[in-house]
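Residue-level structure breakdown
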Amino acid sequence: MGKVLKRIDWTNSLFLTLTPVAAVAAVIGHVMYEGFNPWTLLIAFFFYWATGMSITVGYHRLFAHRSFEAHPIIQFFTLVFGAASFENSALKWCSDHRVHHTHVDTEEDPYNIKKGFFWAHIGWIMVRPTKPETYPMSADLRRNKLVMWQHRYYLPLSIFVGIIVPTLIGAWMGSPLGGLGIGALGRIVLVHHTTFFINSLCHMVGDKTFNDEHTARDSWITAIFTFGEGYHNFHHTFQADYRNGVRWYHFDPGKWVIKSMSWVGLTRKLKKVSDETIAMARIQMKDKGVHA
Ligand SMILES: [Zn+2]
Ligand SMILES: [Zn+2]
């Protein structure tokens, strides 16, 4: 792939810096002019889970890693709410993510942690290549009509579902500014930084339980606010597995949702690495004396 020249992406940079400011302004306006409406927290709660889980279950484990197959309804839902998280189209997100796994910790890794916390967390989104993007490693996704439909209509879809709908629900509750500030903008900022932590903190904090040849780490603490993706050492070691938290008690709502949907036929062909392979990897790391 070679080194790609990059320049500042002003749209992304302004969006990432202005959404927290706009969220605070809208929340202040909401409290001053509408009086705090606790029901707006319910809008934020719904959209936080719907968009965050769409990234984890849809963008990440279904489309990027193909760790299971899903009914078109699930594909549609995760593409629509994934767009509402404002983290790019699934085509771009998955292409970046597959390059991350293939070239982890090198110059070609788009969110290479060796370039520091800020770069891996948010800096890499604030620049873009000087040439049009080619979305490498995404031939299979280009054949998926739903993925390409979402890619084509990403911007109107994300604005409508991610901002206009929560604002309208807020207006219906008598608090349009609350819907905008809490349900839309505040929630977007929260989902942004919790998912960004997977690229930053999850490559810095925790244990190297299964492999020490990459920087990814396992931590139940990061798992709590990354929809279960905090078991990142397991994930980078066994990326085809639909689970991230491999033990039954590991907090991994992504895993629980994918498994539950398989009982009603909405997901199938869930990929799992054998218990023996996982145990062997764990023992090898123990023998090496690697804990962190
Ligand atoms: Zn991954
Ligand atoms: Zn990673």
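Look up a bit, the structure's there.
About the thresholds
- Residues numbered from 1 in each chain as written.
- Chains lettered and ligands numbered in written order.
- Predicted model: local features only at pLDDT ≥ 70, side-chain atom pairs only at ≥ 80, totals over all residues.
- Heavy atoms only, no water.
- Helix = DSSP H or I, 4+ residues; strand = E, 2+ residues; numbered from the N terminus.
- Rg over C-alpha atoms; globule rule 2.2 N^0.38 Å.
- Buried < 20%, exposed > 50% of the residue type's maximum accessible area, 1.4 Å probe, protein only.
- Contact = heavy atoms within 4.5 Å.
- Areas by Shrake-Rupley, 256 points an atom, 1.4 Å probe, with all protein chains shown as cover.
- Lys, Arg positive; Asp, Glu negative; His and termini not counted.
- Charge placed at Lys NZ, Arg CZ, Asp CG, Glu CD.
- Salt bridge = Lys/Arg side-chain N within 4 Å of Asp/Glu carboxyl O.
- Donors = N, O, S within 2.8 Å, 3.2 Å for Na, K, Ca; no water.
- Tetrahedral: all angles 85-135°; square planar, octahedral: opposite > 155°, others 65-115°.

Section: the overall build of the protein
Summing up its helical and strand segments, the protein has 13 helices and four strands in all. Taking 2.2 N^0.38 as the reference for a compact globule, 292 residues should give roughly 19 Å; the C-alpha atoms of the protein span a radius of gyration of 19 Å, in line with that estimate. With the principal axes as the frame, the protein shows a C-alpha extent of 60 × 45 × 40 Å. A burial count over the protein gives 53% of its 292 residues as buried. If you take every contact in the protein between residues at least 6 apart in sequence, the share linking residues at least 24 apart comes to 71%. Carbon and sulfur atoms make up 68% of the accessible area of the protein, which amounts to about 14200 Å² in all. The positive charge centre, built from 29 side chains, and the negative charge centre, built from 21, are 5 Å apart in the protein.

Considering the pattern of salt bridges
Following the criterion strictly, the structure yields eleven salt bridges and no others. When the shortest N-O distance is used, the salt bridge between Arg61 and Asp252 registers 2.9 Å. Placement of Arg61 in helix H2 (residues 39–64) and of Asp252 in the loop between helix H11 (232–237) and helix H12 (253–263) is noted, with a sequence separation of 191 residues between them. Comparing Arg61 with Asp252 shows no difference in burial state: the two are buried. In this structure, Asp241 and Arg243 form a salt bridge, with 2.8 Å as the shortest nitrogen-oxygen distance. Residue classification places Asp241 among the buried residues on the basis of a relative accessible area of 2%. On the basis of relative accessibility, which here comes to 6%, the residue Arg243 falls in the buried class. Salt bridges linked by common partners bring Arg61, Glu229 and Asp252 together as one network.

Examining the environment of Met285
Note on placement: Met285 falls in helix H13 (residues 275–288). By relative accessible area, which is 5% here, Met285 ends up buried. Considered as a pair, Met285 and Thr134 are 151 residues apart in the sequence and their alpha carbons are 38 Å apart.

As for the coordination of the zinc ion (ligand 2)
In this structure, His100 (NE2), His203 (NE2), His232 (NE2) and His236 (NE2) serve as the protein donors to the zinc ion (ligand 2), at separations of 2.1 to 2.2 Å. For the zinc ion (ligand 2), the four donor atoms are set out with angles of 93 to 164 degrees between them, so the coordination reads as irregular. Positions of the donor residues of the zinc ion (ligand 2) along the chain correspond to the pattern H-x102-H-x28-H-x3-H. You can see His100 sitting in helix H4 (residues 90–102) and its partner His232 sitting in helix H11, a full 132 residues away along the chain. Residue His100 shares its accessibility class with His232, and that shared class is buried.

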